[in-house]
Protein chains: 2
Amino acid sequence: MGQLILHEDPLSANCYKIKLTAALLSIPLERRRYSILAGETKTPEFLQNISAFGRIPVLQIDATTLLPESNAACFYLAENAASLSSSTSTASSPLLNLIPTSALQRADMLRWMFFEQNNHEPTVATLRYWLYVLGEETLAEDRIVQLPGKRVAARQAIDYVEDRLSKSESGWLVGDGITLADICLFAYTHLAHNSGFDLKDWPAVVAWCERIKAVDGFIEYDESN
Amino acid sequence: MGQLILHEDPLSANCYKIKLTAALLSIPLERRRYSILAGETKTPEFLQNISAFGRIPVLQIDATTLLPESNAACFYLAENAASLSSSTSTASSPLLNLIPTSALQRADMLRWMFFEQNNHEPTVATLRYWLYVLGEETLAEDRIVQLPGKRVAARQAIDYVEDRLSKSESGWLVGDGITLADICLFAYTHLAHNSGFDLKDWPAVVAWCERIKAVDGFIEYDESN
């Protein structure tokens, strides 16, 4: 198997999820950058060769195997970390296990990842894209009228994460350690100031963000790279 | 382990996904019905005891373990089918394996399930809820203005499934047989007439729907029960 290639736009925190997962597991990724704003994910070449749906991220596994959807790409990396990682895991320094071994916790991890894609990303991430990336003054009327509803729903989504974390003895969403659920929800949550929110309203979320940043191998989100 | 309990509203095809998965795997489910329209998923009792997020479906695993998110519940049932099923699997009649054993196919299955929650459900299912369940004449202005965009995005989502299926040698979304990807995308796709679409525009999707209906143990969606 050759090097994995991540087709991405650094502005997207969906892409960041994959880079963070790979960093925590010491999995090398080659990166190909495209600008969503410049239309580079809608060119005939992109639609033909990378994704007919015209979206990033896409994780390229080999010459003909392409895996879209950020959370699925994170799952692939974590499930195959032992063979993909460049680090040699030892008894004193084992590879992180980002997917719980208990069937119930595995389903609960996926539950938070589906929640992220269905409730959190379409509100918190969409507000970030509209307000921070595009700018409110550029929005057409059909988006302007959605802003109040998106703000309420985004707040409910972060409230729900706060509720879970405030009741978690371990400080993680699922089980006793960091899992993909934490990584996938961290991505847009820790950028919620770009979406118009101040995280100090959610103290358990703030503490959890710091907990994630302290994990060995953590890399910061960098929208310029 | 006692009987699994599905907290559901029969109007929701997200709930149907779980019932269909359970039926294909001969897993008994006790059902508790709530009316979303009557506000029964927002009562203090529901928020306290079933889900603080006020949504169904929720799969109850035991007295204190509740698993929200339809696709996560399907994953739990399929991964634990051998212990949950009431049918005795034999060499001549093995239990369906709805989760592929190959790591790549497993990630690809999750990819379609995340796509469903991020792109298909918020368009195809939301249109069904607005137009068929609530009725267009009842919609407020902030929803009316979203209809054209939702219709375009729903069509793109079904186009993408059509594209995949038309290139699939097996006739399934992933690998050589039915997986959770097919079940989770089938739920709202086969009801797309409720969302204002005529599936004859997508012949590979129509053939795939018939293929799913022919699987041993299939149960029809029934909004009245």
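Residues numbered from 1 in each chain as written. Chains lettered and ligands numbered in written order. Predicted model: local features only at pLDDT ≥ 70, side-chain atom pairs only at ≥ 80, totals over all residues. Heavy atoms only, no water.

Enquirer: Whenever I open this one, the UniProt feature "domain: GST N-terminal" (unreviewed entry) in chain A confuses me. Can you help?
Expert: Mapped onto the present numbering, the UniProt feature "domain: GST N-terminal" (unreviewed entry) falls at residues 2–85 of chain A. Helix makes up 38% of residues 2–85 of chain A and strand 23%, and the two end C-alpha atoms of the span are 13 Å apart. (UniProt positions renumbered as here; feature names shortened; annotations may be inferred. Helix = DSSP H or I, 4+ residues; strand = E, 2+ residues; numbered from the N terminus.)

Enquirer: I tried to follow the nonpolar core on my own but got confused; where do I start?
Expert: Nonpolar side chains in soluble globular proteins generally cluster together in the buried interior. One finds A:Leu110, A:Leu180, A:Trp208, B:Leu110, B:Leu180 and B:Trp208 to be the most contacted residues of the largest nonpolar core, which totals 142 residues. Setting aside its immediate chain neighbours within four residues, B:Leu110 contacts A:Ala72, A:Phe75, A:Leu110, A:Phe114 and B:Phe75. (Core = buried A, V, L, I, M, F, W, Y, C linked by side-chain atoms within 4.5 Å. Buried < 20%, exposed > 50% of the residue type's maximum accessible area, 1.4 Å probe, protein only. Contact = heavy atoms within 4.5 Å.)

Enquirer: Got a minute to help me understand the relation of the copies chain B and chain A in this structure?
Expert: Mapping chain B onto chain A calls for a screw motion: a turn of 180 degrees about the axis and a shift of 0.0 Å along it, with 0.0 Å RMSD after fitting. Such a turn and shift between the copies fits a two-fold axis. Ranked by how close their C-alpha atoms come to the rotation axis, the residues of chain B are headed by B:Asn118, at 2.6 Å. The overlap is high: 100% of the interface residues of chain B also sit at the interface in chain A, so the same surface is used on both sides. (Least-squares fit on C-alpha atoms with pLDDT ≥ 70 in both.)

Enquirer: Looking at this structure, I do not really get the packing of aromatic side chains. What am I missing?
Expert: The geometry of two aromatic rings is summed up by the distance between their centres and the angle between their planes. Going through the model one piece at a time under the given rule, you end up with 23 aromatic pairs over all chains. Between the aromatic rings of A:Phe115 and B:Phe53, the centroid separation amounts to 5.2 Å while the plane-to-plane angle is 80 degrees, which identifies the pairing as edge-to-face. Of the two residues, A:Phe115 sits in helix 5 (residues 103–135) while B:Phe53 sits in the loop between helix 2 (44–49) and strand 3 (58–62), which places them in two different chains. One exposure class covers both A:Phe115 and B:Phe53, and it is buried. Geometrically, the ring pair formed by B:Tyr16 and B:Tyr221 is edge-to-face, given 5.5 Å between the ring centres and 80 degrees between the ring planes. Here B:Tyr221 lies in the segment after helix 9 (203–213) and B:Tyr16 lies in helix 1 (residues 13–24), a separation of 205 residues in the sequence. The exposure class of B:Tyr16 is buried, given its relative accessible area of 2%. Residue B:Tyr221 is classed as buried on the basis of its relative accessible area, which comes to 13%. Grouped by ring-pair contacts, the aromatic residues A:Tyr16, A:Phe186, A:Trp208, A:Phe218 and A:Tyr221 constitute a single cluster. In this structure, B:Arg111 packs its charged tip against the face of B:Trp112, placed 4.1 Å from the ring centre. (Phe/Tyr/Trp six-rings, centres within 6.5 Å; stacked < 30°, edge-to-face > 60°. Lys NZ or Arg CZ within 6 Å of the ring centre and 35° of its normal.)

Enquirer: Would you explain the sheet that holds strand 1 (residues 4–8) of chain B in this entry?
Expert: Reading across from one edge, 2-1-3-4 (chain B) is the order of the four strands in this open sheet, with mixed pairing throughout. The open sheet has two edge strands, strand 2 (29–33) and strand 4 (65–68) of chain B, and neither has a second partner. Pairwise comparison of adjacent strand axes, ignoring direction, gives a mean angle of 25 degrees for this sheet. Examined bridge by bridge, strand 1 of chain B and strand 2 of chain B share five bridges and lie parallel to one another. By the bridge assignment, B:Glu8 is partnered in strand 2 of chain B with B:Arg33. Along the sheet, helix 5 of chain A makes contact with strand 3 and strand 4 of chain B, crossing strand 4 of chain B at roughly 40 degrees. (Pairing = 2+ DSSP bridges. Axes fitted to C-alpha atoms, helices over the stretch in contact; angles between N-to-C directions.)

Enquirer: Is there a simple way to think about the pairing of strand 4 (residues 65–68) of chain A in this case?
Expert: Two faces belong to every sheet, and in a regular strand the side chains alternate between them. All names here are of chain A. Relative to strand 4, strand 3 (residues 58–62) is paired through four bridges, and the arrangement is antiparallel. What sits directly across from Leu59, in strand 4, is Leu67. Once strand 3 ends, the chain turns through two residues before running back antiparallel as strand 4.

Enquirer: How do you make sense of the UniProt feature "domain: GST C-terminal" (unreviewed entry) in chain A when you look at a structure like this?
Expert: Here the UniProt-annotated "domain: GST C-terminal" (unreviewed entry) positions come out as residues 102–225 of chain A. Measuring from the first to the last C-alpha atom of residues 102–225 of chain A gives 36 Å, for a span that is 63% helix and 0% strand.

Enquirer: When you look at the domain arrangement of chain A in this model, what are you seeing that I'm missing?
Expert: The parts lose accessible area when they come together, and the size of an interface is often stated as this lost area. Residues and elements named next belong to chain A. Domains assigned within chain A are domain 1 (4–84) and domain 2 (103–213). Of note, the centres of domain 1 and domain 2, computed from C-alpha atoms alone, are 21 Å apart. Each side of the interface is counted separately: domain 1 has 17 residues, and domain 2 has 19 residues. Taken together, the two surfaces of domain 1 and domain 2 that pack against each other cover about 1400 Å², and 69% of this comes from carbon and sulfur. Here domain 1 is connected to domain 2 by one salt bridge. In this structure, Lys17 engages Glu116 in a salt bridge whose closest nitrogen and oxygen atoms are separated by 2.9 Å. (Domains from an automatic or database assignment. Buried area = accessible area lost by both parts, 1.4 Å probe. Salt bridge = Lys/Arg side-chain N within 4 Å of Asp/Glu carboxyl O.)

Enquirer: Please explain the sheet that holds strand 3 of chain A as it appears in this structure.
Expert: Across a sheet, paired strands are connected by hydrogen bonds in the backbone, their directions being either parallel or antiparallel. One open sheet holds the four strands; their spatial order is 2-1-3-4 (chain A), and the pairing between them is mixed. Bordering the open sheet on either side are strand 2 (29–33) and strand 4 of chain A, each of which pairs with just one other strand. Along the sheet, successive strands turn relative to each other by an average axial angle of 25 degrees, direction set aside. Of the strands in this sheet, strand 1 (4–8), strand 3 and strand 4 of chain A are in contact with helix 3 (residues 70–79) of chain A, which crosses strand 4 of chain A at around 120 degrees. Contacts from helix 5 (residues 103–135) of chain B reach strand 3 and strand 4 of chain A, with the element oriented near 40 degrees to strand 4 of chain A.

Enquirer: I'm lost on helix 5 of chain A in this one. Help?
Expert: Three- or four-residue spacings in an α-helix give side chains the same orientation, since the helix completes a turn every 3.6 residues. At A:His120, helix 5 of chain A is bent by approximately 55 degrees, the largest bend along its length, and proline A:Pro122 sits one to four residues beyond. Taken across its 33 residues, helix 5 of chain A has 27 buried, putting it largely inside the fold. (Bend = angle between axes of the 7 residues up to and from the residue.)

Enquirer: In this structure, what is going on with a negative patch on the surface? I would like to understand it.
Expert: A surface patch of negative charge is lined by A:Glu141, A:Asp142, B:Glu141 and B:Asp142. For the negative patch, the elements supplying multiple residues, two or more each, are helix 6 (141–144) of chain A together with helix 6 (141–144) of chain B. Assignment of secondary structure puts B:Asp142 in helix 6. Take B:Asp142: its relative accessible area is 34%, and that puts it in the partly exposed class. (Patch = residues over 30% accessible without salt bridge, like charges linked within 9 Å, V, L, I, M, F, W, Y side chains within 5 Å. Areas by Shrake-Rupley, 256 points an atom, 1.4 Å probe, with all protein chains shown as cover. Lys, Arg positive; Asp, Glu negative; His and termini not counted. Charge placed at Lys NZ, Arg CZ, Asp CG, Glu CD.)

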